[in-house]
2 protein chains.
Amino acid sequence: MKFCSQCGHSVTSRVPQGDNRPRYVCDHCRTVHYQNPNIVAGTLPVWENKVLLCKRAIEPRYGTWTLPAGFMELGETMEQAAMRESREEACANVEIDDIYTLISLPHVDQVYVMYRAQLLDLDFQPGEESLEVRLFSEAEIPWQELAFRTIQYTLEKYFADRRHGRFPVYTHTIRANNRAPQEEPEE
Amino acid sequence: MKFCSQCGHSVTSRVPQGDNRPRYVCDHCRTVHYQNPNIVAGTLPVWENKVLLCKRAIEPRYGTWTLPAGFMELGETMEQAAMRESREEACANVEIDDIYTLISLPHVDQVYVMYRAQLLDLDFQPGEESLEVRLFSEAEIPWQELAFRTIQYTLEKYFADRRHGRFPVYTHTIRANNRAPQEEPEE
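Treat the numbers as computed from the prediction; the structure is a model and nothing was measured.

Describing the overall build of chain A
So, point 1. For chain A, the helix and strand inventory stands at 2 helices and 11 strands.
So, point 2. Going from N to C terminus, chain A has its helices and strands arranged as β-β-β-β-β-β-β-α-β-β-β-α-β.
So, point 3. Taking all 187 residues of chain A together, the buried fraction comes to 51%.
So, point 4. For chain A, the share of sequence-separated contacts (at least 6 apart) that also reach a separation of at least 24 residues comes to 63%.
So, point 5. Accessible area for chain A stands at about 8,300 Å²; split by element, carbon and sulfur atoms hold 45% of it.
So, point 6. Averaging the positions of the 20 positive and the 28 negative side-chain charges in chain A gives two centres separated by 8 Å.

Shown next, in the form of structure tokens:
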């Protein structure tokens, strides 16, 4: 951020009075520009014993497989965002079961919120951001070609939990490592 | 948003190519400015049979009672944000138990994420944003003077769940009504 989005003058980075961390501040119109993490909402769509994955048609991680997920938009609930992303990326009609994984990614300022969901019919097909959409049994999951560690974590928990039929809610943190580019913003 | 924060030129609101909703777009430097909901993270700090509340020293809802909570900052995990807010607002040392309520507020573009927590000692005191901090038994909770419906919802669930000792995770939506000003940004 270099310029004030309210008045167009230059901003400076400093700690405003009464605050305790640097913000972009406009000394012309006095606006303080806060920056905050973003929510990525998505689903784990289930049909019988299979899970729906999308092959990414966009960067980052073009050509790898992911669960339908993307940035929550203004005016939405988390569930609406998760269902919209399922429609947009996989043309999938899903019904939300319950919240499942909440994953903080502090190095990219994102929080993933993934819901378990029922696929309501087989009328799915690739949306604009997908090359291919298909159902995978556990044995078929392309573990080496998954797009993000958030997706791997969610799928691992799901298949482990499915053995005993209980699905608790998981909160988890994934930090930067040499695979960090995988968690770059998806939008 | 009126000006591009990258180059200072005027922005216009329109649907970018390949997108499906209006964004602020800079036709000079081509930056698309996405806007997304914010996460408010906080705790429900418990000491024996009592809960810690803070009396707000800031608007909105000056003088009403709340659980310690505030906007998640860049570089944090959700748990770190919840613990930091507990320190800042109540000088409270807490240990996170588990995630408890996730509440979408689509009319103000916020998501509340509240954790059950143990208060580790009684060395709490009002932080800069609080007039007073104290422990309340269930019978003492000032239900008519709570700051936000998110706080009321979280406390109601907690006292109901405490009777049988099970604390599931709740996802919930609170929409605008004639009390909507209660959910204005806290920062």
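Description of the interface of chain B and chain A
So, point 1. Between chain B and chain A, the contact holds 43 residues from the first and 43 residues from the second.
So, point 2. Counting the contacts that link chain B with chain A gives 4 salt bridges.
So, point 3. A salt bridge links Glu-73 of chain A to Arg-23 of chain B; its shortest N-O distance comes to 2.6 Å.
So, point 4. Among the secondary structure elements, those contributing two or more residues to the side of chain B that touches chain A are strand 4 (38–47), helix 1 (78–90), strand 8 (94–105), strand 9 (110–119) and strand 11 (170–173) of chain B.
So, point 5. Top contributing element to the side of chain B that touches chain A by residue count: helix 1 of chain B, with 5 residues.
So, point 6. Residue composition of the side of chain B that touches chain A, by class: 17 nonpolar, 14 polar and 12 charged.

Re the relation of the copies chain B and chain A
So, point 1. Overlaying chain B with chain A gives an RMSD of 0.0 Å, the required rotation being 180° about an axis along which the chain moves by 0.0 Å. Such a combination of rotation and displacement between the chain copies is what one expects of a two-fold axis.
So, point 2. Comparing contact sets, 100% of the residues at the interface of chain B also lie at the interface in chain A, consistent with an isologous, same-surface contact.

A closer look at the sheet that holds strand 2 (residues 23–26) of chain A
Residues and elements named next belong to chain A.
So, point 1. Here 3 strands make up an open sheet; going across it, the order is 1-2-3 and the pairing antiparallel. Of all strands in the sheet, those bounded by a partner on one side alone are strand 1 (11–14) and strand 3 (32–33).
So, point 2. In the sheet, strand 2 pairs with strand 3 via 2 bridges, with the strands oriented antiparallel. When the bridges of strand 3 are listed, Val-25 appears paired with Val-32.

Description of the sheet that holds strand 1 (residues 11–14) of chain B
Strand pairing within a sheet occurs via backbone hydrogen bonds; the two strands may be parallel or antiparallel.
Residue and element names in this part refer to chain B.
So, point 1. Taken together, 3 strands build an open sheet; the order of strands is 1-2-3 and the sheet is antiparallel. Only two strands of the sheet have a single neighbouring strand rather than two, namely strand 1 and strand 3 (32–33).
So, point 2. Note that strand 1 and strand 2 (residues 23–26) share 4 bridges and pair antiparallel. The partner of Val-11 across the bridge, within strand 2, is Cys-26.

Focus: the pairing of strand 8 of chain B
Working note: regular strand, side chains alternate between the two faces of the sheet.
Residue and element names in this part refer to chain B.
So, point 1. Of all 12 residues in strand 8, 9 are buried, a share of seventy percent or more.
So, point 2. Hairpin connection of strand 8 to strand 9: 4 residues between the antiparallel strands, including Asp-109 at a positive phi of 55°.
So, point 3. One ladder, built from 4 bridges, connects strand 8 with strand 11; its direction is parallel. Considered in strand 11, the bridge of Ser-104 is made with Thr-173.

Section: the side chain of Arg-116 of chain B
Residue and element names in this part refer to chain B.
So, point 1. Within the element layout of this structure, Arg-116 appears in strand 9.
So, point 2. Here Arg-116 falls in the buried class, since its relative accessible area comes to 13%.
So, point 3. Ignoring anything within four residues of it in the chain, the contact list for Arg-116 reads Leu-44, Ile-96, Asp-97, Asp-98, Tyr-100, Tyr-158 and Phe-167.

A few points about the confidence of the model for chain A
So, point 1. Of all residues in chain A, 95% have pLDDT values of 70 or greater, and the mean over the chain is 94.
So, point 2. In the predicted assembly, ipTM is 0.92 and pTM is 0.93.

Thoughts on the packing of aromatic side chains
So, point 1. One pass over the full model with this rule turns up 14 aromatic pairs over all chains.
So, point 2. Residues Tyr-153 of chain B and Tyr-170 of chain B carry aromatic rings whose centres are separated by 6.4 Å and whose planes lie at 90° to one another, so their mutual orientation is edge-to-face. Of this pair, Tyr-153 of chain B sits in helix 2 (residues 149–164) while Tyr-170 of chain B is found in strand 11, placing the two residues 17 residues apart along the sequence.
So, point 3. Clustering of aromatic rings is evident, with ring pairs tying together Tyr-100, Trp-143, Tyr-153, Tyr-158, Phe-159, Phe-167 and Tyr-170 of chain A.
So, point 4. A cation over a ring is seen here: Arg-134 of chain B above Phe-136 of chain B, with NZ or CZ 4.0 Å from the ring centre.

Let's talk about the state of the cysteines
So, point 1. Applying the stated criterion across every chain yields a total of 0 disulfides over all chains.
So, point 2. Its sulfur unpaired, Cys-54 of chain A is 9.3 Å from the next cysteine sulfur, which belongs to Cys-91 of chain A.
So, point 3. Here Cys-4 of chain B stays free of any disulfide, with the sulfur of Cys-29 of chain B as its closest cysteine sulfur at 3.6 Å.
So, point 4. Judged by relative accessible area, Cys-4 of chain B falls into the buried class, the value being 0%.

Thresholds, definitions, all that
Residues numbered from 1 in each chain as written. Chains lettered and ligands numbered in written order. Predicted model: local features only at pLDDT ≥ 70, side-chain atom pairs only at ≥ 80, totals over all residues. Heavy atoms only, no water. Helix = DSSP H or I, 4+ residues; strand = E, 2+ residues; numbered from the N terminus. Buried < 20%, exposed > 50% of the residue type's maximum accessible area, 1.4 Å probe, protein only. Contact = heavy atoms within 4.5 Å. Areas by Shrake-Rupley, 256 points an atom, 1.4 Å probe, with all protein chains shown as cover. Lys, Arg positive; Asp, Glu negative; His and termini not counted. Charge placed at Lys NZ, Arg CZ, Asp CG, Glu CD. Salt bridge = Lys/Arg side-chain N within 4 Å of Asp/Glu carboxyl O. Nonpolar A, V, L, I, M, F, W, Y, C, P; charged D, E, K, R; others polar. Least-squares fit on C-alpha atoms with pLDDT ≥ 70 in both. Pairing = 2+ DSSP bridges. pLDDT = per-residue confidence, 0-100. Phe/Tyr/Trp six-rings, centres within 6.5 Å; stacked < 30°, edge-to-face > 60°. Lys NZ or Arg CZ within 6 Å of the ring centre and 35° of its normal. Disulfide = S-S within 2.5 Å.

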